[in-house]
Amino acid sequence: MASAPRLAVFTKNLTNPAYAGARTGAERTAARFGAKVDHYVPEAPDDLEQQRALIRDALRARPDAVVLSPVDPTALNGEIGGLVEAGIPIVFLVSRAEGIPCVSYVSGDDYRLAYDIAGYLFDHIGRRGKVLLVDGHPVSTTTGPRARGFRDAARQHHGITVAGACHGDYQRAPAEKAVSPLLQAHPDVAGVATANDVMALGVVDAMAALGRHAPVVGVNAIPEAIKALQQGTLLATSAFNAMAMACLATEAAIRHLRGETIPAEIMLPTEVVHAGNCAAWDLPYEERPLPEWPGNR
């Protein structure tokens, strides 16, 4: 393109550090390619109506391309369809809108990362005992596969009993509030598996308030979680690298605008991160290495 491409980047909230990493990744990659980024983020976390309005705002602004993590898999299809009708290419990030054509979808294997991190927890506690599960936001497309991964891992460990489960909405305070009564009802809980790191930190908060301790695992490998691994307050996390995903989604959008052929789907590998291997992750998002484009690997 003759002028610097302008991208509209949609993330789900301002409260989850993983999405802060995604915004940083989009900006870093755009800068590499001489592109510009406008961020569209709901003020209320994962708010459907606010994201609906933001998509309409972006349509009026006519960006060259959109990188979008929708807060609901279908409820925004009317607005997202308006982008398609306007000829604005879309790359979905983390989650996608069902039935909407796109240039590419960049994410990770939600089922596998949940299965692996739950298995790591269950092995750590000797493959027996009561555990609690903290699922994500009910309408998020990542919640279902992560919930299945947790429960399938529990079924594979016959000494594990799921004593209770709750939704923490992928937020710290809601997770603390939701898990607290379960912790009180089950004082012998041996561990807790949570669907993201900020909820894991909320579980740690709830335990601290009750004078309790049990191993907790999460998902995302956000900087705060890495510090918690080093301090021993979290057992492990599964690397759902939102920063790298946003880098690749932004690069996919720019390469598409240049006329290149783009993979229809880019899935990042999963990795369990713990105190023994977390040094490589112990960097702020601004300093974490940028991922290589799939064709360059």
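In this convention, every chain numbers its residues from 1, walking through the sequence in written order. Given that the model is predicted, a residue must reach a pLDDT of at least 70 before its local features are reported, and side-chain atom pairs must reach 80 or more before they are shown or counted; all residues, however, enter totals for whole chains, interfaces and linings. Excluding hydrogens and water, the side-chain values take into account all heavy atoms of the structure.

This next bit is on the overall build of the protein. Helix and strand counts for the protein come out as nine helices and twelve strands. Burial here depends on accessible area, computed with a 1.4 Å probe over protein chains only, as a share of the maximum for the residue type. Under 20% is buried, over 50% is exposed, and the range in between is partly exposed. Counting over 297 residues, the protein shows a buried share of 55%. A separation of at least 24 residues holds for 74% of the contacts in the protein among residues at least 6 apart in sequence. On the protein, roughly 11,900 Å² of surface is accessible, and the fraction owed to carbon and sulfur atoms is 50%. This count recognises Lys and Arg as positive and Asp and Glu as negative, with His and chain-terminal groups excluded. A charge is said to be at NZ when it belongs to Lys, at CZ for Arg, at CG for Asp and at CD for Glu. Each charge class in the protein can be summarised by its mean position, and for the 27 positive and 32 negative side chains these summaries are 2 Å apart. Helix and strand assignments come from DSSP, with helices taken as H or I runs of at least 4 residues and strands as E runs of at least 2, each series counted from the N terminus. Here a residue-residue contact requires only that any non-hydrogen atoms of the pair lie within 4.5 Å. For the area figures, the Shrake-Rupley method with a 1.4 Å probe applies, and any residue is considered shielded solely by the protein chains shown.

This next bit is on helix α1 (residues 17-32). Along an α-helix, residues three or four apart share an orientation, since each turn contains 3.6 residues. A helix is expected to span 1.5 Å multiplied by its residue count minus one. For α1, with 16 residues, the first-to-last C-alpha span of 23 Å sits near the 22 Å given by 1.5 Å per residue. Every buried residue of α1 is listed here: P17, A18, Y19, G21, A22, R23, T24, G25, A26, T29 and A30. Those residues of α1 that are buried are in contact with β1 (6-10), β2 (36-40), β4 (90-93), α7 (197-210), α8 (223-231) and α9 (242-257). The distance from a side-chain oxygen at the start of α1 to the backbone nitrogen of A18 is 2.9 Å, and the residue carrying that oxygen is N16. G34 occupies a position one or two residues after α1 and carries a positive phi of about 70°. In protein, a polar contact means a hydrogen-donor-capable atom and an acceptor-capable atom, both N or O and within 3.5 Å, with residues adjacent in sequence counting only if both atoms are side-chain atoms; elsewhere, any N or O pair within 3.5 Å suffices.

Turning our attention to the sheet that holds strand β6 (residues 128-135). As summarised here, the arrangement of the six strands in space is β7-β6-β8-β9-β10-β12, forming an open sheet in which the pairing is mixed. Of all strands in the sheet, those bounded by a partner on one side alone are β7 (159-167) and β12 (272-274). Direction aside, the axes of adjacent strands within the sheet are offset by 20° on average. Here, any two strands with at least 2 DSSP bridges between them count as paired. Alignment of strand β9 (residues 216-219) against strand β10 (residues 236-238), held across three bridges, turns out to be parallel. Within β10, the residue paired with G218 across the bridge is T237. Here an angle of 0 to 180 degrees is reported between the N-to-C directions of two axes, which are lines fitted to C-alpha atoms, with helices fitted over the stretch in contact.

Before going further, it helps to spend a moment on the sheet that holds strand β5 (residues 104-108). Strand order in the open sheet formed by six strands is β2-β1-β3-β4-β5-β11, and the pairing between neighbours is parallel. In this open sheet, the two strands that pair with only one neighbour each are β2 and β11 (265-268). Neighbouring strand axes in the sheet, compared pairwise and without regard to direction, differ in orientation by 15° on average. The pairing of β5 with β11 spans four bridges and is parallel.

Let us now look at the pairing of strand β8 (residues 189-194). In terms of burial, β8 is a largely internal element, five of the six residues being buried. Where β8 meets β9, two bridges bridge the pair, whose relative direction is parallel. If you follow A193 over to β9, its bridge partner there is V217. When the strands point away from the viewer and the connection leading from the first strand across the helix to the second strand turns clockwise, the crossover is called right-handed. Following the chain from β8 across α7 to the adjacent parallel β9, one finds a crossover that is right-handed.

Describing an aromatic ring pair means giving the distance of the ring centres and the angle of the ring planes. Aromatic rings from Phe, Tyr and Trp, taking only the six-membered ring of Trp, are treated as a pair when their centres fall within 6.5 Å; an angle between ring planes under 30 degrees marks them as stacked, one over 60 as edge-to-face, and anything in between as tilted. As enumerated under the stated definition, the model contains two aromatic pairs in all. Ring centres 4.8 Å apart and planes at 15° place the aromatic pair F10 and Y40 in the stacked group. Of this pair, F10 sits in strand β1 while Y40 is found in strand β2, placing the two residues 30 residues apart along the sequence. For the pair shown, F10 and Y40 are each scored as buried. Put simply, a charge is over a ring when the Lys NZ or the Arg CZ is close to the ring centre, within 6 Å, and near the line of the ring normal, within 35 degrees. One cation-aromatic arrangement involves R146 over F240; the distance from NZ or CZ to the ring centre is 4.5 Å.

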